[in-house]
Amino acid sequence: MIANKDQLFKNTLDSLKEKVTEQTMFSAFLKVYPEEWKQLKTNFTKFNRSKQFGKTIPLPKPEVSLKKEIRVWLKSQK
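None of these values were measured; they are calculated from a predicted model.

What counts, and at which threshold
Residues numbered from 1 in each chain as written. Predicted model: local features only at pLDDT ≥ 70, side-chain atom pairs only at ≥ 80, totals over all residues. Heavy atoms only, no water. Helix = DSSP H or I, 4+ residues; strand = E, 2+ residues; numbered from the N terminus. Buried < 20%, exposed > 50% of the residue type's maximum accessible area, 1.4 Å probe, protein only. pLDDT = per-residue confidence, 0-100. Core = buried A, V, L, I, M, F, W, Y, C linked by side-chain atoms within 4.5 Å. Contact = heavy atoms within 4.5 Å. Phe/Tyr/Trp six-rings, centres within 6.5 Å; stacked < 30°, edge-to-face > 60°.

Take the environment of R71 next. Note that R71 resides in helix α4 (residues 62-77). For R71, a relative accessible area of 36% corresponds to the partly exposed category.

Below is the structure:
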């Protein structure tokens, strides 16, 4: 969902002063990249509105999705 997420996450990690956790990375990402966060939320809203009545397609909320991507990225960095 996020273009260039490796570079964005690396820049976010570099901006952190405190201990690196999933939550601190999430908070820092929101501060450093507000436009990307806004785009994620917009895409989620558009997708939910475009579903046909009666059909459900499970899509995680933007917060859950971003935290999962951060978690996976952090594990790959170790």
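Right, picking up where we left off after that structure.
As a general rule, the predicted coordinates of low-pLDDT regions are not to be interpreted in detail. Scored by pLDDT, the protein chain comes out at a mean of 87, with 90% of its residues at no less than 70. Here helix α3 (residues 34-50) stands out as the least confident element of the protein chain, with mean pLDDT 86; helix α2 (residues 22-32) is the most confident, with 94.

Across soluble globular proteins, you tend to see nonpolar side chains buried next to one another. With 15 residues, the main nonpolar core has I2, F9, M25, F29, L66 and I70 as its most contacted residues. Only α1 (5-15), α2, α3 and α4 provide two or more residues apiece to this core. Sequence-distant contacts of I2, defined by excluding residues within four places in its chain, comprise L8, F9, F29, L40, L66 and E69.

To continue, consider the packing of aromatic side chains. For the structure shown, the criterion picks out 4 aromatic pairs. Taking 5.7 Å as the distance between ring centres and 65° as the angle between the ring planes, the aromatic pair formed by F9 and F29 counts as edge-to-face. Remark: F29 occurs in helix α2 and F9 occurs in helix α1; sequence separation between them is 20 residues. A relative accessible area of 0% means that F29 is categorised as buried. One aromatic cluster is present, formed by F9, F29, Y33 and W73 through successive ring pairs.

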